[in-house]
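Now for the letters of each chain:
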Amino acid sequence: VNGSTAAIIDNGGRAIIGGGVTLGNGSTYAAANTLDDYETGTWSPTFPNVNPATGGTYVKIGSYVYCTCFLNCQGSGGTQISGLPFTPLTGSTGRGTGSVGYQNRNSTESWQVIVSNTSNAFSMYVGAGAIALANGNSVYASFSYRTTA
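Note that the structure is predicted; figures quoted are calculated from it, not measured.

Caption draft 1: Looking closely at the packing of aromatic side chains. For the structure shown, the criterion picks out 7 aromatic pairs. Taking 5.4 Å as the distance between ring centres and 85 degrees as the angle between the ring planes, the aromatic pair formed by Tyr58 and Phe86 counts as edge-to-face. With Tyr58 in strand S6 (residues 55-61) and Phe86 in the loop between strand S8 (80-82) and strand S9 (97-103), this residue pair connects regions lying 28 residues apart in the sequence. Under the relative-accessibility criterion, Phe86 is labelled buried at 13%. Between Phe70 and Tyr140, the ring centres sit 4.6 Å apart and the planes meet at 40 degrees, which makes this aromatic pair tilted. Separated by 70 residues along the polypeptide, Phe70 in strand S7 (residues 64-72) and Tyr140 in strand S13 (residues 138-146) bring together distant segments of the chain.

Here's what the structure looks like:
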């Protein structure tokens, strides 16, 4: 259009569209239906006494962030794990949730993940009680939350 490039299809067959892809009925543009922000990457959970092998991955689609992580505690520490890849929204809309798929502390407990809506961190819970990891505890968790980034 007017001598500018609107889209590119590279030699690998990938379409590169700078303005995003709009989903809908095919005849009406709606900014709310435009996918213009997609990212994948790794992140490093920060927690006292966590083994350097600890790590995580994320997928960000628009304002939603989907995370997984592995924690391997080498001592005792607090109840909050920080270092999320993006800062959560503040207020009730920023609070995210998830679950712990594996933990080696107690096989009869079902752990939940709650993302803070006041800091760049999450905590794990059994019922209403926050869990403090202890030496030798390992955890695999997945959760999602919203961000302004």
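Caption draft 2: Spatial organisation of the side chain of Gln103. Note on placement: Gln103 falls in strand S9. Looking at Gln103, its side chain comes within polar contact range of the main-chain oxygen of Asn106, at 2.5 Å. Here Glu109 takes part through its backbone oxygen, which lies 3.3 Å from a polar atom of the side chain of Gln103.

Caption draft 3: A look at the state of the cysteines. As enumerated under the stated definition, the model contains 0 disulfides in all. Cysteine Cys69 remains unbridged, with the sulfur of Cys67 as its closest cysteine sulfur at 7.7 Å.

Caption draft 4: The arrangement of the nonpolar core in detail. By size, the foremost hydrophobic cluster in this structure holds 23 residues, and its most contacted members are Phe122, Met124, Leu133 and Phe143. Elements that contribute at least two residues to this core include exactly S7, strand S10 (112-115), strand S11 (121-126) and S13. In this view, Phe122 contacts Trp43, Cys69, Leu71, Thr79, Gln80, Ile81, Leu84, Val113, Ile114, Val115, Ser116 and Phe143; residues no more than four positions away in its chain are not counted.

Quick notes on the rules
Residues numbered from 1 in each chain as written. Predicted model: local features only at pLDDT ≥ 70, side-chain atom pairs only at ≥ 80, totals over all residues. Heavy atoms only, no water. Phe/Tyr/Trp six-rings, centres within 6.5 Å; stacked < 30°, edge-to-face > 60°. Helix = DSSP H or I, 4+ residues; strand = E, 2+ residues; numbered from the N terminus. Buried < 20%, exposed > 50% of the residue type's maximum accessible area, 1.4 Å probe, protein only. Polar contact = N/O pair within 3.5 Å; in protein donor to acceptor, adjacent residues only side chain to side chain. Disulfide = S-S within 2.5 Å. Core = buried A, V, L, I, M, F, W, Y, C linked by side-chain atoms within 4.5 Å. Contact = heavy atoms within 4.5 Å.

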